[in-house]
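A look at the structure
What follows is the residue order along each chain.
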Amino acid sequence: MRINMRLMKLEIKRILKTRLTLMLLVFALLFSFLLAWLPITFSANSYRDADGAEVILKGLPSIAYEKDLQADIAGTVTSEKVQQAVKDYQACLQKYGVELSYDLPEGVYESEILPYAPLLHGIREVFANPDTGIAPTIMEIDPEKAGDYYGMCESRIASLMRQEQKKHPAAQKAAADAWQKVTKPYQFFPGYSTNAMDYQVILAFLTVLFGVIITAPVFTSDYQTGADEILRCTKYGREKFAVIKILAALFICGTVYTLCTVIYILVSNSLWGWECTRTSMQMLYSAINLPDMNIGRLQCFVALSGFLSILAVISFTLFLSSKIQTIAACLSTALLFCIMPIIIYMILPKEIGQWIYSILPAGSVGLQTSILYAVTEFDFWNMGNIAIWLPHVMLGACVIEIPLFISLAVSSYSKHKIR
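Residues numbered from 1 in each chain as written. Predicted model: local features only at pLDDT ≥ 70, side-chain atom pairs only at ≥ 80, totals over all residues. Heavy atoms only, no water.

**What to know about the environment of L247**
To keep things clear, this is the line we draw: Per the convention used, a helix needs a DSSP run of H or I reaching at least four residues, while a strand needs a run of E reaching at least two, with both numbered from the N terminus.
Residue placement: L247 occurs in helix α13 (residues 239–272). C-alpha of L247 to C-alpha of M8: the two residues are 239 residues apart in sequence and 7.6 Å apart in space.

Below, the structure is given as structure tokens:
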């Protein structure tokens, strides 16, 4: 075992010493900082000072201004707060004689509605017509009914699932049961944007691509140079050497992904404010999202799913590397499978596409198919009386694929015939 560990260290050094690998690792670390900072630049607010001049704020000053403006509504989102927000909104629009907030005089929305606007998030969705799904305007909502905000949420999840899963009562029940476990009332702390979560997914996708480029040559480079003919004749050739090379590649890619993700989360939360991680995801996405998660737990969930996904993708890439004779063919095939979920999402009908991309190794980190978007939706795998939530399918697929493709890679390399 001591010799095996020594060989694995040598294999890790061999992979890391190549110029391309070092460049990719540096780029991954730089992207961790860059992508954590970029969503901050999207934040913008404006107000008029005492002299009537417009002041435009961007970036961190804008976030600080928004936090200060909405400080009074931070904390627990009670039904009474939501009801009062609806009343204040309607009173404001009636005061200026308009039906929509877009028609308010310049500066009124920022000064009179923005301070409590987050409390109105999802209110139209909750009061959507149960048969058609059409949402009313806030002016059409009865403020008295808004006082039963969470009761209306429960009714809405039932009507939504009847629309989206009409033929699948098991999915309807699973969704209703999941929402019952969500912690209520919700929590809200101002300043955070869903852009930050989107960029965490982008970072995971880029890290997966970098990992594929690093691991594609693991076996094929030896095939091309002829080194494989010598290595498989040694004491630790074939199965043992295949395991060493696979573990080294997984260790490098897993460590890089973990480091980049930790850097991203630490930098991002430090910029936005750590209190924002206590915000219920229902206050930023759908008011009736199924997971019992705040932003902090959502970040961890996406990070963990990305870790499983990168291990699955790298395992699959190593399997291809053990089968394909040239680096170019192996790399192009592996990269194609990385973007395959995106292609499937765009060209196939939703019902068919979900069945396919959700079980692909890179499905949970695809830009449009990521597990982040799956947890905000209400899609299920329906098989008779069994309904499995799509994010659980994605995680289950990764857990199965990691040992499967590792075993296939070891077997393929061991049986590889020298030409």
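Text resumes after the structure shown.
**Digging into the pattern of salt bridges**
What counts here: We count a salt bridge whenever a side-chain nitrogen from Lys or Arg sits within 4 Å of a carboxyl oxygen from Asp or Glu. Relative accessibility decides the category of a residue: with a 1.4 Å probe and only protein chains considered, values under 20% of the type maximum give buried, values over 50% give exposed, and everything between is partly exposed.
With the rule as written, the count across this model stands at eight salt bridges. Between E11 and R14 there is a salt bridge, with its nearest N and O atoms 2.7 Å apart. Here E11 pairs with R14, and both are found in helix α1 (residues 2–16), just three residues apart, close to one helical turn. A relative accessible area of 4% places E11 in the buried class. The class for R14 is partly exposed, based on a relative accessible area of 28%.

**Considering the nonpolar core**
Using the following cut-off: As used here, the term nonpolar core means buried Ala, Val, Leu, Ile, Met, Phe, Trp, Tyr and Cys residues forming a set that is joined through side-chain atoms within 4.5 Å. Any two residues whose heavy atoms approach within 4.5 Å at even a single point are treated as in contact.
Among the nonpolar cores identified, the biggest contains 130 residues, and I123, Y149, Y186 and L298 are the most heavily contacted of them. In this structure, Y186 is in contact with G75, T76, V77, Y149, Y150, C153, W179, S280, Q282, M283 and A287, ignoring residues within four places of it in sequence.

**Some remarks on the packing of helix α15 (residues 327–347) against helix α16 (residues 350–357)**
Quick reminder of the rule: Lines fitted to C-alpha atoms define the axes, with helix axes restricted to the stretch in contact, and inter-axis angles between N-to-C directions lie between 0 and 180 degrees. What sets the label is the angle itself: under 35 degrees gives roughly parallel, over 145 gives roughly antiparallel, 65 to 115 gives roughly perpendicular, and the rest give oblique. By the convention adopted, Pro, Cys, Tyr, Trp, Phe, Met, Ile, Leu, Val and Ala count as nonpolar, Lys, Arg, Asp and Glu as charged, and the other residues, Gly among them, as polar.
Where α15 meets α16, the axes come as close as 8 Å, and the angle between the chain directions of the two elements is 170°. Comparing their axes, α16 and α15 come out roughly antiparallel. Residues P341, I344 and Y345 of α15 lie in contact with α16, whose contacting residues are G353, I356 and Y357. Its residues placed into classes, the contact of α15 with α16 shows five nonpolar, one polar and no charged.

By themselves, these observations are geometric and do not establish any function.
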